[in-house]
Amino acid sequence: MKTEEFLIELDGEMLEYFREIAEEMVSRFGISRAEAVARINSTYEGARIEPYPDLMCHEMPEYWAYGLYFEPRDGQLPYGAPGEDLSEWEVRPAPPEDSPFWTIGT
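Residues numbered from 1 in each chain as written. Predicted model: local features only at pLDDT ≥ 70, side-chain atom pairs only at ≥ 80, totals over all residues. Heavy atoms only, no water.

1. Describing the overall build of the protein
Thought 1: Within the protein one finds 3 helices and 0 strands.
Thought 2: Walking the protein from its N terminus toward its C terminus, one meets helices and strands in the order α-α-α.
Thought 3: Relative to the compact-globule value of 13 Å for 106 residues, the protein shows a C-alpha radius of gyration of 14 Å, a close match.
Thought 4: A principal-axis box enclosing the C-alpha atoms of the protein has dimensions of 40 × 35 × 25 Å.
Thought 5: Here the protein, with 106 residues, has 38% of them falling under the buried criterion.
Thought 6: For the protein, contacts bridging at least 24 residues in sequence account for 58% of all contacts bridging at least 6.
Thought 7: Element-wise, carbon and sulfur atoms account for 49% of the exposed surface of the protein, whose accessible area totals about 6400 Å².
Thought 8: In the protein, which carries 8 positive and 23 negative side-chain charges, the distance between the mean positions of the two groups comes to 2 Å. (Helix = DSSP H or I, 4+ residues; strand = E, 2+ residues; numbered from the N terminus. Rg over C-alpha atoms; globule rule 2.2 N^0.38 Å. Buried < 20%, exposed > 50% of the residue type's maximum accessible area, 1.4 Å probe, protein only. Contact = heavy atoms within 4.5 Å. Areas by Shrake-Rupley, 256 points an atom, 1.4 Å probe, with all protein chains shown as cover. Lys, Arg positive; Asp, Glu negative; His and termini not counted. Charge placed at Lys NZ, Arg CZ, Asp CG, Glu CD.)

2. Thoughts on the packing of helix α2 (residues 33-44) against helix α3 (residues 61-69)
Thought 1: In contact at an axis separation of 10 Å, α2 and α3 are set at 85° when each is read in the N-to-C sense. Between α2 and α3, the angle falls in the class roughly perpendicular. Packed against α2, whose contacting residues are Glu35, Arg39, Ile40, Thr43 and Tyr44, the element α3 presents Trp64, Leu68 and Tyr69 at the interface.
Thought 2: Tallied by class, the residues present in the contact of α2 with α3 amount to 5 nonpolar, 1 polar and 2 charged. (Axes fitted to C-alpha atoms, helices over the stretch in contact; angles between N-to-C directions. Parallel < 35°, antiparallel > 145°, perpendicular 65-115°, else oblique. Nonpolar A, V, L, I, M, F, W, Y, C, P; charged D, E, K, R; others polar.)

3. Things to note about the pattern of salt bridges
Once the charged atoms of two side chains with opposite charge are near each other, the side chains can pair.
Thought 1: Following the criterion strictly, the structure yields 6 salt bridges and no others.
Thought 2: With a closest N to O distance of 2.3 Å, Arg33 and Glu5 form a salt bridge. Placement of the pair is Arg33 in helix α2 and Glu5 in the segment before α1 (12-29), with a sequence separation of 28 residues.
Thought 3: The class for Arg33 is partly exposed, based on a relative accessible area of 33%. (Salt bridge = Lys/Arg side-chain N within 4 Å of Asp/Glu carboxyl O.)

4. Here we look at unusual backbone geometry
Thought 1: In this structure, Pro53 follows Tyr52 across a cis peptide bond, with omega equal to 0°.
Thought 2: Position of Pro53 relative to the elements: it lies in the loop between α2 and α3.
Thought 3: Backbone geometry places Asp74, a non-glycine residue, at a positive phi of 55°.
Thought 4: Its place among the elements puts Asp74 in the segment after α3.

As structure tokens, then:
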């Protein structure tokens, strides 16, 4: 099913999984839920996501949150280890605010 929030077809359980990814970005990086959803939409628009448990469910939502928020460095991403210094990582730019990826208000 499509929702007003995400621009991809998701079954109910995958919808919850994607909402958990968005919540991880909100709680870990202090961004708005609207920005987290826009980041997800810009990355996954047009992707084919299988019903739960899609292959991506082999990773925890925080894994995807870090990949959506930070730029990889030497093929690596931070992973949220206790005490990890995230200030050294470059943040991916958010989608432009006038793009269709922003589906919910801030």
